[in-house]
Amino acid sequence: MDQITNVMEYKEIARQKLPKMVYDYYASGAEDQWTLKENRNAFSRILFRPRILIDVSKIDMSTTVLGFKISMPIMIAPTAMQKMAHPEGEYATARAASAADTIMILSSWATSSVEEVASTGPGIRFFQLYVLKDRNVVVQLVRRAERAGFKAIALTVDTPRLGRREADIKNRFTLPPHLTLKNYEGLDLGKLDRTDGSGLASYAAEQVDQSLSWKDVKWLQTITSLPILVKGVLTAEDARLAVQNGAAGIIVSNHGARQLDYVPSTIMALEEVVKAAQGRVPVFLDGGVRRGTDVFKAMALGASGIFIGRPVLFSLAADGEAGVRKVLQMLRDEFELTMALSGCRSLKEISRHHIVTDWDAPRVAPRL
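Attention here is on the structure that accompanies the text. Owing to the predicted nature of the structure, the values given are computational and were not obtained by experimental measurement. (Residues numbered from 1 in each chain as written. Predicted model: local features only at pLDDT ≥ 70, side-chain atom pairs only at ≥ 80, totals over all residues. Heavy atoms only, no water.)

### Remarks on the overall build of the protein
Item 1. Per the secondary structure count, the protein includes 13 helices and 12 strands.
Item 2. For the protein, the C-alpha atoms occupy an extent of roughly 65 × 50 × 40 Å along the three principal directions.
Item 3. Looking at the protein as shown, the accessible area adds up to about 15600 Å², and 52% of this sits on carbon and sulfur atoms.
Item 4. Side chains of the protein give 47 positive and 41 negative charges; the mean places of these two sets differ by 3 Å. (Helix = DSSP H or I, 4+ residues; strand = E, 2+ residues; numbered from the N terminus. Areas by Shrake-Rupley, 256 points an atom, 1.4 Å probe, with all protein chains shown as cover. Lys, Arg positive; Asp, Glu negative; His and termini not counted. Charge placed at Lys NZ, Arg CZ, Asp CG, Glu CD.)

If you want it as structure tokens, here you go:
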């Protein structure tokens, strides 16, 4: 794997190595997959305004997220069923995140449990939560995450029903028989079985609570003292409601373009959400980040950090823990280079003046 020079190259290696059903599950988006392509393409409509002749001999990429110090604003998003990609699955991802001194969010639908992931050693980890119809199970899951040392809950709010992912319908997607959704083991939540369509869509329809509303965000705060990140916000209106309802942070996400097609790319939705949050809570972004330049663009638009999903799955499939480590290192190196070439020595020096977007009004250069 020495010849890999960027994050995107892992995708083709993963495609060749993985069974079609598994690769398609990871790679595909909803319906026409317009938003899937747009999540990437929108980054190319943001250009840099680099500042020159600034001493960039020392660059500090470190930051804090919910009070936890990490080495860089590049973190790992929750992605389901990682043992389909590699036998070590979430264990490998957890070790890679810890080695990079960054945060990993573990999926509710992981193929390793919160306890198993905690057993890999120290690390700052958050738990992604789907609110299920059975609230007793939700309480149990949150308690287990707390006991396992997880530091926050990332509440997914864009999935009252699963989006229409046509590749999964065609492939009749189901979890391979040797794997289970480990966090749900022993909880009598039924099985993810093969159906005429997507087994996951059927399972989600049975288990996930479609009545989820803002009052449940309040309820969650009564059962845990962990900070709650609301994941799946795309509008100013919902950003304001998230703040009003006690969210500790917001993740601007369109679920990897796997839910409602023809929503904007997350990078285009970001600034609206940041402005609505008014600095009261941090705003993060996931979706489409493949380059250090993408990280810089998100930070310039007001993000406090970004999360990567598919690059983790594809690098995990290609090369296990070493692949995930390399993805994190490549993004870190590219981001550091972008900062240097833009004249920024720390994250707080990255500003809106360092970029121009094609949705900006024509701007007059600031007078000096």
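Read on for the rest.
### Observations concerning the nonpolar core
Item 1. The biggest cluster of nonpolar side chains holds 109 residues, and the ones touching the most others in it are Leu129, Leu270 and Phe335.
Item 2. No other element matches helix H13 (residues 310–342), which puts 13 residues into this core.
Item 3. The contact partners of Leu270, leaving out residues within four places of it in the chain, are Val252, Val283, Leu285, Ala298, Leu301 and Ala303.
Item 4. Of all hydrophobic cores here, the second largest spans 14 residues; its members include Val65, Ala152, Phe284 and Phe307. (Core = buried A, V, L, I, M, F, W, Y, C linked by side-chain atoms within 4.5 Å. Buried < 20%, exposed > 50% of the residue type's maximum accessible area, 1.4 Å probe, protein only. Contact = heavy atoms within 4.5 Å.)

### Describing the packing of aromatic side chains
Two aromatic rings are characterised by how far apart their centres lie and by the angle between their planes.
Item 1. One pass over the full model with this rule turns up 8 aromatic pairs.
Item 2. Judged by centre distance (5.9 Å) and plane angle (70°), the rings of Phe284 and Phe307 are edge-to-face. Of this pair, Phe284 sits in strand E10 (residues 283–286) while Phe307 sits in strand E11 (residues 305–308), and the two are 23 residues apart along the sequence.
Item 3. Judged by its relative accessible area of 1%, Phe284 falls in the buried class. (Phe/Tyr/Trp six-rings, centres within 6.5 Å; stacked < 30°, edge-to-face > 60°.)

### Let's talk about empty space enclosed by the protein
Item 1. This model, assessed by the stated rule, comprises 2 cavities of 30 Å³ or more.
Item 2. The space that makes up the largest cavity amounts to roughly 430 Å³.
Item 3. Around the largest cavity, the lining is made up of 29 residues, and of these Pro78, Thr79, His255, Gly256 and Arg258 lie nearest the centre.
Item 4. Going through the elements one at a time, helix H2 (20–27), E11 and H13 are the ones with two or more residues in the lining of the largest cavity.
Item 5. At 3 residues, the largest contribution of residues to the lining of the largest cavity is made by H13.
Item 6. In terms of lining, the second largest cavity is formed by Tyr130, Val131, Thr156, Val157, Asp158, Thr159, Pro160, Val208, Asp209 and Leu212.
Item 7. For the lining of the second largest cavity, the residue count by class is 6 nonpolar, 2 polar and 2 charged. (1 Å grid on protein atoms, 1.4 Å probe; cavity = no way out; pocket = protein on both sides within 12 Å on 5 of 7 lines; lining within 4 Å. Points joined across faces, edges and corners; volume = space filled by probe spheres on them. Nonpolar A, V, L, I, M, F, W, Y, C, P; charged D, E, K, R; others polar.)

### What about the layout of surface pockets?
Item 1. Taken as a whole, the largest pocket spans an internal volume of roughly 420 Å³.
Item 2. Along the wall of the largest pocket there are 20 residues; nearest its centre are Val157, Asp158, Thr159, Gly232 and Asp238.
Item 3. For the lining of the largest pocket, the secondary-structure elements that each account for two or more residues are helix H9 (214–223) and strand E8 (228–233).
Item 4. Looking at which element gives the most residues to the lining of the largest pocket, the answer is E8, with 3 residues.
Item 5. Residue composition of the lining of the largest pocket, by class: 10 nonpolar, 8 polar and 2 charged.

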